[in-house]
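Survey of secondary and tertiary structure
Next come the chains, spelled out residue by residue.
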Amino acid sequence: MRTVALTIALGLAGCAVAPTKPSMVAGGIISVQLGGGPFCFPCTYDEMTIRGDGRITRKRWSWHGVTRERRLLAIEKKRIPLEQVTRIRSALVTYRLHGLRAVAGDDACVPDQGDGKIVWKDQTEDQLSFDLGCSSTGLSELRASLLTVSDLAGVKPIRW
């Protein structure tokens, strides 16, 4: 009887001590968007949201730059293990700085190739923007990291 009471008391004490604030993994969201430029006739672009609890939503959009018409072509929803979410965060952590940041190309950029954006939301919101028509070592590494993210998420590669 004493053992049962002690077990219940320890269990309740553990509940009282457990943190009530959600962890960054459970509450964080990473969004990746790669879109067509303002004069596409039409273009397609990708958007993927990775939630800290393992839920992933990947959307494929059609965009017509002249008419400003946007149409959803496909949507894929799935859930991945939390270990994969942690590996996705690790693949992108070097690109996350506080606030807004832009990555530029080394040479002249090809106009109207669209732009990309990665947004991290948890206790703060940080954003990385880049032009899809530019090239640089940093952008090549970013492209490889985004392919790794698609692979870890188990979805078709995000096109660039």
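Here, every reference points to the structure presented above.
Residues numbered from 1 in each chain as written. Predicted model: local features only at pLDDT ≥ 70, side-chain atom pairs only at ≥ 80, totals over all residues. Heavy atoms only, no water.

Once that is clear, we can look at the pairing of strand S2 (residues 43-51). Every other side chain in a regular strand lies on the same face of the sheet, so the side chains alternate between the two faces. One ladder, built from 6 bridges, connects strand S1 (residues 29-34) with S2; its direction is antiparallel. The residue of S2 that forms the bridge with Ile30 is Ile50. The pairing of S2 with strand S3 (residues 55-64) spans 8 bridges and is antiparallel. Residue pairing for S3: Tyr45 is matched across the bridge by Trp61. Between S2 and S3, which pair antiparallel one after the other, the connecting turn spans 3 residues, and Gly54 there sits at a positive phi close to 100°. (Pairing = 2+ DSSP bridges. Helix = DSSP H or I, 4+ residues; strand = E, 2+ residues; numbered from the N terminus.)

Inspection of the entire model under this criterion finds 1 aromatic pair. The ring of Trp61 carries Arg70 above its face, with NZ or CZ at 3.7 Å from the centroid. (Phe/Tyr/Trp six-rings, centres within 6.5 Å; stacked < 30°, edge-to-face > 60°. Lys NZ or Arg CZ within 6 Å of the ring centre and 35° of its normal.)

Here the focus is the pattern of salt bridges. The final tally for this structure, using the stated rule, is 5 salt bridges. Two residues, Asp46 and Arg60, come together in a salt bridge whose shortest N-O distance is 2.4 Å. Here Arg60 lies in strand S3 and Asp46 lies in strand S2, a separation of 14 residues in the sequence. Take Asp46 and Arg60: they sit in the same class, and that class is buried. The partner of Asp122 in a salt bridge is Arg96, with the nearest N and O atoms 3.0 Å apart. With Asp122 in the loop between strand S6 (115-121) and strand S7 (125-131) and Arg96 in the loop between helix H3 (82-92) and strand S5 (100-103), the pair connects residues that are 26 residues apart, well separated along the chain. Three or more residues are tied together by salt bridges with common partners; here these are Asp46, Arg58 and Arg60. (Salt bridge = Lys/Arg side-chain N within 4 Å of Asp/Glu carboxyl O. Buried < 20%, exposed > 50% of the residue type's maximum accessible area, 1.4 Å probe, protein only.)

Within the element layout of this structure, Lys59 appears in strand S3. Apart from residues lying up to four places away in sequence, Lys59 is in contact with Tyr45, Asp46, Glu47, Leu72, Ala74 and Ile75. (Contact = heavy atoms within 4.5 Å.)

Right, let's talk about helix H4 (residues 137-153) for a bit. For H4, spanning 17 residues, the distance from its first C-alpha to its last is 24 Å, which sits close to the expected 24 Å at 1.5 Å a residue. Every buried residue belonging to H4 is among Leu139, Leu142, Ser145, Leu146, Val149, Ser150, Leu152 and Ala153, and all of these are buried. The buried residues of H4 occupy one face: seen down the axis, they fall within an arc of 165°. Across H4 from its buried face, at more than 90 degrees, point the exposed residues Thr137 and Asp151. Positive phi shows up at Gly154, right after H4, with a value of about 75°. (Expected span 1.5 Å × (residues − 1). Arc of directions from axis to C-beta.)

As a further point, take the nonpolar core. Counting 26 residues, the largest nonpolar core has Leu92, Ile118, Leu128, Phe130 and Leu142 as the members making the most contacts within it. Top element by residues in this core is H4. It accounts for 6 residues. (Core = buried A, V, L, I, M, F, W, Y, C linked by side-chain atoms within 4.5 Å.)

On to the environment of Thr44. Turning to its location among the elements, Thr44 is positioned in strand S2. A relative accessible area of 42% places Thr44 in the partly exposed class. The sequence separation of Thr44 and Arg60 amounts to 16 residues, and the corresponding C-alpha distance is 6.9 Å. Among the polar contacts listed, one links the side chain of Thr44 to the side chain of Arg60, at a separation of 2.7 Å. (Polar contact = N/O pair within 3.5 Å; in protein donor to acceptor, adjacent residues only side chain to side chain.)

With that out of the way, let us pick up the environment of Tyr45. Positionally, Tyr45 belongs in strand S2. For Tyr45, a relative accessible area of 11% gives the class buried. For the pair Tyr45 and Ser62, spaced 17 residues apart in sequence, the C-alpha to C-alpha distance is 6.5 Å. Side-chain polar atoms of Tyr45 contact the side chain of Arg70, separated by 3.1 Å.

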